[in-house]
Amino acid sequence: MRIDVVSLFPDFMRQCAAVGVVGRAQQRELLQVETWNPRDYATDRHRSVDSSSYGGGPGMVMMIEPLRTTLAAMRAAAAEPVHLVYLSPQGTRLTQGRVEALARLPRIALLCGRYEGVDERLLAHEVDEELSIGDYVLSGGELAAAVVIDAVGRLQDGALNDAQSAEQDSFSDGLLDCPHYAKPVHDALGSVPEVLLSGDHAAIARWRLKQSLGRTWLRRPDLLSQRGLDAPSRALLDEFRREHASRRPTRQDDATG
Ligand code: 4FM
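Residues numbered from 1 in each chain as written. Predicted model: local features only at pLDDT ≥ 70, side-chain atom pairs only at ≥ 80, totals over all residues. Heavy atoms only, no water.

Trainee: Which parts of the structure should I look at to understand the packing of aromatic side chains?
Mentor: The way to describe two aromatic rings as a pair is by their centre distance and the angle between their planes. Under the defined criterion, the tally for this structure stands at one aromatic pair. With 6.4 Å between their ring centres and 80° between their planes, Trp217 and Phe240 make a pair best called edge-to-face. With Trp217 in helix 7 (residues 201-219) and Phe240 in helix 9 (residues 231-245), this pair connects stretches of sequence that are 23 residues apart. On the accessibility criterion, Trp217 (26% relative accessible area) is partly exposed. The class for Phe240 is buried, based on a relative accessible area of 9%. (Phe/Tyr/Trp six-rings, centres within 6.5 Å; stacked < 30°, edge-to-face > 60°. Helix = DSSP H or I, 4+ residues; strand = E, 2+ residues; numbered from the N terminus. Buried < 20%, exposed > 50% of the residue type's maximum accessible area, 1.4 Å probe, protein only.)

Shown next as structure tokens:
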């Protein structure tokens, strides 16, 4: 898959995409990230990409012309149509489902805004989809684009090894992830749950699903109502609830009740 990023901070975007699983996916040629800087397509002697906002007010707005020229150059370097995503708090919330759909496309482009916004006419004519990574305000679209590159890049075939496989992810089945434990078995902070040491793979899978159901119920009940539960999962969650009601309180109860 190829991802083209239109940004005034191309070095930052390349560095974001160069680390960890996604960096390795690029080395293995499963993913290609290219950057386009609108500043390079500005035509006046100051290489301006922004101007003041009609209607008044303090902020600057990214102008149509440098962006249109940049996007034309980007699209001219593509054999196929390119699905252009604009990142902003006004977009549809990004979900793992949307990430999975984007990951199946051969090519997407991410448009990163700066200043107070991008000229609405450019957005209306060029953008296929507006996405938000969450209800908070960043100073530009770059970090949101980096989130998309990471989430989409790690799903490319061969990017994850067996241990990391995407089937194990939170949300892959609409539930939160179960707890994980590393060495040592016994510590002053507590012991690893015994079932995880039992070698009984069926019992371990059952425990993990129960924990996933229980945590989703405690922390993200909205996800459970979306998903609905089959009879075995409902029974497991009931078991979790009974154990949860009779457990000793923990620090996290301050936050989650
Ligand atoms: C976006 C600042 C465009 C300026 C932003 C411009 C964001 C988010 C975000 C900031 N993007 N999810 N939340 N962008 O805050 O995606 Cl011109």
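Trainee: Please clarify how the sheet that holds strand 4 (residues 60-62) should be interpreted in this entry.
Mentor: Two pairing modes exist for strands in a sheet, parallel and antiparallel, and in both the strands are linked by backbone hydrogen bonds. In space, the three strands of this open sheet follow the order 3-4-7, with mixed pairing throughout. Each end of this open sheet is capped by a strand with a single partner; those strands are strand 3 (50-52) and strand 7 (117-118). Taken together, the two bridges between strand 4 and strand 7 define a ladder with parallel strand orientation. Paired with Val61 across the two strands is Gly117, which belongs to strand 7. (Pairing = 2+ DSSP bridges.)

Trainee: What exactly am I supposed to notice about helix 7 here?
Mentor: Because the α-helix completes a turn every 3.6 residues, residues three or four places apart line up on one side. Taking 1.5 Å of rise per residue, the 19 residues of helix 7 would be expected to cover 27 Å, and the 27 Å separating its terminal C-alpha atoms lies within 8% of that figure. Every buried residue of helix 7 is listed here: Ile204, Trp207, Lys210, Gln211, Ser212, Leu213, Gly214 and Thr216. (Expected span 1.5 Å × (residues − 1).)

Trainee: What is the right way to look at the environment of Asp222 in this model?
Mentor: For Asp222, the location among the structural elements is in helix 8 (residues 221-227). Sequence spacing of Asp222 and Arg24 is 198 residues, and the spatial spacing of their C-alpha atoms is 35 Å. Side-chain polar atoms of Asp222 contact the side chain of Arg220, separated by 2.9 Å. (Polar contact = N/O pair within 3.5 Å; in protein donor to acceptor, adjacent residues only side chain to side chain.)

Trainee: Is there a simple way to explain the sheet that holds strand 8 (residues 129-132) in this structure?
Mentor: The five strands are arranged 2-1-6-5-8 in an open sheet whose pairing can be described as parallel. Either end of the sheet is taken by a strand with one partner, and the two such strands are strand 2 (32-36) and strand 8. Going from strand to strand, the sheet's axes swing by 35° on average, the running direction of each strand aside. Of the strand pairs in this sheet, strand 5 (residues 83-93) and strand 6 (residues 107-111) are connected by four bridges, and their pairing is parallel. Residue pairing in the sheet places Tyr86 in a bridge with Leu111 of strand 6. With respect to the sheet, helix 3 (residues 64-76) is in contact with strand 1 (2-6), strand 2, strand 5 and strand 6, its orientation differing from that of strand 1 by roughly 165°. Against the sheet, helix 6 (residues 142-153) makes contact with strand 1, strand 2, strand 5 and strand 6, and its axis sits at roughly 160° relative to strand 6, the strand it touches most. (Axes fitted to C-alpha atoms, helices over the stretch in contact; angles between N-to-C directions. Contact = heavy atoms within 4.5 Å.)

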